[in-house]
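# A structural walkthrough
Here is what each chain is made of, one letter per residue.
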Amino acid sequence: GGIITQTPKFLIGQEGQKLTLKCQQNFNHDTMYWYRQDSGKGLRLIYYSITENDLQKGDLSEGYDASREKKSSFSLTVTSAQKNEMAVFLCASRLGGQDTQYFGPGTRLLVL
Amino acid sequence: QQQVRQSPQSLTVWEGETAILNCSYEDSTFNYFPWYQQFPGEGPALLISIRSVSDKKEDGRFTIFFNKREKKLSLHITDSQPGDSATYFCAASESGGYKVVFGSGTRLLVSP
């Protein structure tokens, strides 16, 4: 088995601040994902990475940057946090050729 | 554009009853349909999945019924237990494809 670790667990920022969320997986999976989960809206794809150093935009990429410098890690940056923004950011990974995604526990963001 | 729709938004059943969660999709290229279960404070985890070549998939108390012609599927949870109280997400993708579209979820409460 493996595990996905997301840090920090809770993130409180100020409006306009650049904030970085980190994700690590030890499944040795090729593909990694960042989703945003808002209450009542399901999961929306921000970025995904098919392999190390690859980046693909999802439907919600505006306002975010991502980085995949190692196979095991995938970072997400909120480039300018918006006031009253509150959401859970979920990282996921999957093995190439497989359909099942494995999710981390999430990072909860609050912008004051 | 919401390509995967779920209903109801929330559902309460008594312990021992059958809970029925509904899902529909629009894109006829989707051929893989996972259901994810999410408990508060955790990331979603794969519960059960079906491919479009099948019309039914069973795993213990959980059964997916799939109607390709109507682009509808449903998750039946028989003999519901309080421990089944969670949010359930229906998702859809092309098998082997990288993007997965999630519905907005159904919050299930099983009362003892």
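Right above here is the structure, for reference.
Structure report, in brief. Everything numeric in this text was worked out from a predicted model, so none of it was measured. (Residues numbered from 1 in each chain as written. Chains lettered and ligands numbered in written order. Predicted model: local features only at pLDDT ≥ 70, side-chain atom pairs only at ≥ 80, totals over all residues. Heavy atoms only, no water.)

## Examining the packing of aromatic side chains
Stated formally: Only centres within 6.5 Å qualify two rings of Phe, Tyr or Trp (six-membered ring in Trp) as a pair; their planes then separate them into stacked at under 30 degrees, edge-to-face at over 60, and tilted for everything else. Secondary structure is summarised from DSSP: a helix means a run of H or I of at least four residues, a strand means a run of E of at least two, and numbering begins at the N terminus for each. Exposure categories follow from relative accessible area, calculated using a 1.4 Å probe and restricted to protein chains: below 20% of the type maximum is buried, above 50% is exposed, and the middle band is partly exposed.
Evaluated as defined, the whole model comprises 15 aromatic pairs over all chains. Plain terms: the ring middles of A:Tyr35 and B:Phe102 are 5.4 Å apart, the flat faces sit at 80° to each other, and that makes the pair edge-to-face. Residue A:Tyr35 is found in strand β4 (residues 31–37), and its partner B:Phe102 is found in strand β10 (residues 101–102); the two belong to separate chains. B:Phe102 gets classed as buried once you look at its relative accessible area, which sits at 6%. Relative to B:Phe102, the ring of A:Phe103 lies with its centre 6.2 Å away and its plane at 80°, an arrangement referred to as edge-to-face. One end of the pair, A:Phe103, is in strand β10 (residues 102–103); the other, B:Phe102, is in strand β10, on a second chain.

## Points about the interface of chain A and chain B
Interfaces are frequently sized by the accessible area removed from exposure as the parts join. For clarity, the threshold we go by: By definition, residues are in contact when any of their heavy atoms lie within 4.5 Å. The quantity reported as buried area is the accessible area (1.4 Å probe) lost by two parts once they are put together, taken as the sum for both. In the sections that follow, a salt bridge refers to a side-chain nitrogen of Lys or Arg positioned within 4 Å of a carboxyl oxygen of Asp or Glu. Definition of a polar contact: a pair of N or O atoms within 3.5 Å, with one able to donate and the other able to accept a hydrogen when the atoms are protein atoms, and with sequence-neighbouring residues admitted only if both atoms are side-chain atoms. Classification convention: Asp, Glu, Lys, Arg as charged; Ala, Val, Leu, Ile, Met, Phe, Trp, Tyr, Cys, Pro as nonpolar; all other residues, Gly among them, as polar.
Each side of the interface is counted separately: chain A has 22 residues, and chain B has 20 residues. Summed over both sides, the interface between chain A and chain B buries roughly 1700 Å², with carbon and sulfur atoms accounting for 52% of that surface. Its largest share of buried area at the contact with chain B, chain A owes to A:Leu43, A:Asp99 and A:Phe103, together 30% of the area lost on that side. Put simply, chain A and chain B have 1 salt bridge between them. Here A:Asp99 and B:Arg51 are joined by a salt bridge, their closest N and O atoms 2.8 Å apart. At the boundary of chain A with chain B, the tally comes to 6 residue pairs in polar contact (both at pLDDT 80 or more). Considering each element in turn, the side of chain A that touches chain B owes the most residues, 4 residues, to β4(A). Partitioned by chemical class, the residues of the side of chain A that touches chain B number 9 nonpolar, 7 polar and 6 charged.

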